[in-house]
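Here is what each chain is made of, one letter per residue.
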Amino acid sequence: MAVTHSPPVSAQNKNASGSRAERRPRRDGVDGGPPRVVVMENLRERGHFLHERLTQERFEVGLLEDGPDALRWLSENLARRTEVDLLVCNARMLGDAGLALLERWCQTHPQVSVLLVSAFTNAKLRARMARIPGGVVLDQDFSVEDVCATAVSMVAESSLTS
């Protein structure tokens with residue numbers, strides 16, 4: 001399964017009032033272009049809002065909206081070189097099998113940052129999420145704005161260290 005990435009919003013788009021929008025600072029992905037993120041989120045409203053907000057932040061965004069598609073994408077890209085800078089994953093959507101696959105995927109792609117989100121967790125799920133190498137977890141009380149801000153800071157941090 002290929003993920004289609006939406007290009008980032010132009011820095012000079014007009015806002016709702018018709019005036020020019022503020023220019024956002026450029027964020028570079030690992031390859032020097034705009035950061036590329038794959039969002040794995042089965043909650044349609046949250047997935048689309050994340051897509052919209054991250055696109056506004058000048059990310060190229062791909063969206064996978066169901067568990068089987070996310071697992072297929074991870075499987076197909078397990079042994080391939082990836083052009084992705086960040087994964088944002090709904091941990092409950094992936095389930096135990098998906099988190100095990102994500103753990104293996106992260107071991108073969110250590111340069112890719114992973115942000116795990118789950119509004120409903122338990123001790124078992126938190127322990128499973130903690131095993132994701134280098135994963136950052138947003139658990140329980142978080143907003144979509146929290147996810148976006150964390151994604152931006154993770155990409156900024158990874159571009160400084162690469």
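Refer to the structure printed above.
Conventions adopted
Residues numbered from 1 in each chain as written. Predicted model: local features only at pLDDT ≥ 70, side-chain atom pairs only at ≥ 80, totals over all residues. Heavy atoms only, no water. Buried < 20%, exposed > 50% of the residue type's maximum accessible area, 1.4 Å probe, protein only. Helix = DSSP H or I, 4+ residues; strand = E, 2+ residues; numbered from the N terminus. Pairing = 2+ DSSP bridges. Right-handed = clockwise from strand over helix to strand, strands pointing away. Phe/Tyr/Trp six-rings, centres within 6.5 Å; stacked < 30°, edge-to-face > 60°. Core = buried A, V, L, I, M, F, W, Y, C linked by side-chain atoms within 4.5 Å. Axes fitted to C-alpha atoms, helices over the stretch in contact; angles between N-to-C directions. Contact = heavy atoms within 4.5 Å.

A. Fine view of the pairing of strand 1 (residues 36-40). Burial runs high along strand 1: four of the five residues are buried. As paired strands, strand 1 and strand 2 (residues 60-64) are joined by five bridges and run parallel to one another. Note on strand 2: the bridge partner recorded for Met40 is Leu64. Crossover connection from strand 1 via helix 1 (residues 44-56) to parallel strand 2: handedness right-handed. In this structure, strand 1 lies alongside strand 3 (residues 86-90), joined through four bridges in parallel fashion. Paired with Val37 across the bridge in strand 3 is Leu86.

B. Spatial organisation of the packing of aromatic side chains. Counted according to the given criterion, the structure contains one aromatic pair. Note on Trp73 and Trp105: the rings are 5.8 Å apart at their centroids and 35° apart in plane angle, and the pair reads as tilted. Of this pair, Trp73 sits in helix 2 (residues 67-76) while Trp105 sits in helix 3 (residues 91-108), and the two are 32 residues apart along the sequence. Its relative accessible area of 4% is what places Trp73 among the buried residues.

C. Examining the nonpolar core more closely. The biggest cluster of nonpolar side chains holds 24 residues, and the ones touching the most others in it are Met40, Trp73, Leu87, Leu99, Leu102 and Leu116. Breaking this core down by element, the ones donating at least two residues are strand 1, helix 2, strand 3, helix 3, strand 4 (113-118) and helix 4 (123-130). Considering each element in turn, this core owes the most residues, eight residues, to helix 3. With 19 residues, the next largest nonpolar core counts Val39, Leu138, Val147 and Ala151 among its residues.

D. How the structure looks around unusual backbone geometry. Not every positive phi belongs to a glycine, and Arg58 is a case in point at roughly 75°. Positionally, Arg58 belongs in the loop between helix 1 and strand 2. Backbone geometry at Gln140 places phi at a positive 70°, although glycine is not the residue there. With respect to the secondary-structure elements, Gln140 resides in the loop between strand 5 (135-139) and helix 5 (144-161). A relative accessible area of 36% means that Gln140 is categorised as partly exposed.

E. Looking closely at the sheet that holds strand 5. Read across the sheet, five strands follow the order 2-1-3-4-5 without closing on themselves; strand pairing throughout is parallel. The sheet terminates laterally at strand 2 and strand 5, the two strands that pair on one side only. Taking each pair of neighbouring strands and ignoring which way they run, the sheet shows an average axis angle of 15°. Contacts from helix 2 reach strand 1, strand 2 and strand 3 within the one sheet, and its direction differs from that of strand 1 by about 140°.

F. Quick look at the side chain of Arg128. With respect to the helices and strands, the residue Arg128 is situated in helix 4. Given a relative accessible area of 9%, Arg128 falls into the buried group. In this structure Arg128 touches Asp96, Leu99, Ala100 and Glu103, once residues within four positions along its chain are discounted.

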